[in-house]
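The chain contents come next:
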Amino acid sequence: MWPVLILSIVLMGIVFVLMSIRILLQKNGKFPNSHIGGNKALNDKGIYCATTQDKLARKEAFKIKPLKLDGEFESQTTSC
C-alpha cells in the first residue's frame, strides 16, 4: 500500500508542477478564466452567467408599471 501512496503523491506533484508552468514562467501569470462571463464570444451572442442574467431580468422587471386595480384594493406589485 505504501508504494501506491507514494507513487500517487509523486504523480500529483508532477501534475501540479506541469499545470503551473505557464503561471510560474509568465510575468503576472494567472489561471485562465474559464467562466462564461469571461468568454467574449458567448458575451457577444448575449449569453451570460446565471448571476448576470438574473440581474438583467430583475432590471427589466422594474420597468413594468404597477398593476392598478379598480375598487378599494390597489396592488404595489408589478404585473407579469
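Below or above, wherever it landed, is the structure these notes cover. (Residues numbered from 1 in each chain as written. Predicted model: local features only at pLDDT ≥ 70, side-chain atom pairs only at ≥ 80, totals over all residues. Heavy atoms only, no water.)

## Concerning the overall build of the protein
So the rule is basically this: Runs of E in the DSSP output that reach at least two residues are strands. Runs of H or I that reach at least four are helices, and both are numbered from the N terminus. For each residue, the accessible area found with a 1.4 Å probe, counting protein chains only, is set against the maximum for its type, and the residue is called buried under 20%, exposed over 50%, and partly exposed in between.
Regarding its fold elements, the protein presents 3 helices and 0 strands. Ordered by position from N to C terminus, the α and β elements of the protein give α-α-α. The buried share of the protein, reckoned over its 80 residues, is 4%.

## Comments concerning the side chain of S20
As for its position among the elements, S20 is in helix 1 (residues 2–25). Residue classification places S20 among the buried positions, given a relative accessible area of 10%.

## Quick look at the pattern of salt bridges
The condition that has to hold: The term salt bridge refers to a pairing of a side-chain nitrogen on Lys or Arg with a carboxyl oxygen on Asp or Glu at a separation within 4 Å.
Tallied over the entire structure, the rule returns 1 salt bridge. For D54, the salt bridge goes to R58, with nearest N and O atoms at 3.0 Å. Here D54 pairs with R58, and both are found in helix 3 (residues 50–61), just 4 residues apart, close to one helical turn. A relative accessible area of 37% places D54 in the partly exposed class.

## Side note on helix 1
Side chains of residues three or four places apart in an α-helix project in the same direction, reflecting 3.6 residues per turn. Quick note on the threshold: One less than the residue count of a helix, multiplied by 1.5 Å, gives the span that helix is expected to have. One fitted axis covers the seven residues ending at a residue, a second covers the seven starting there, and the bend at that residue is the angle between these axes.
Taking 1.5 Å per residue, 24 residues should reach 34 Å; helix 1 reaches 34 Å between its end C-alpha atoms and fits that length. Where helix 1 bends most, the angle comes to about 40°, and this point is M19. Burial analysis of helix 1 places just 2 of its 24 residues in the buried class, which makes it a mostly uncovered element.

## So, the environment of H35
Structurally, the position occupied by H35 is in the loop between helix 1 and helix 2 (40–44). Each C-alpha atom, one on H35 and one on C49, is 7.8 Å from the other, the two residues being 14 residues apart in sequence.

Scope: geometric values only; no functional claims are made or implied.
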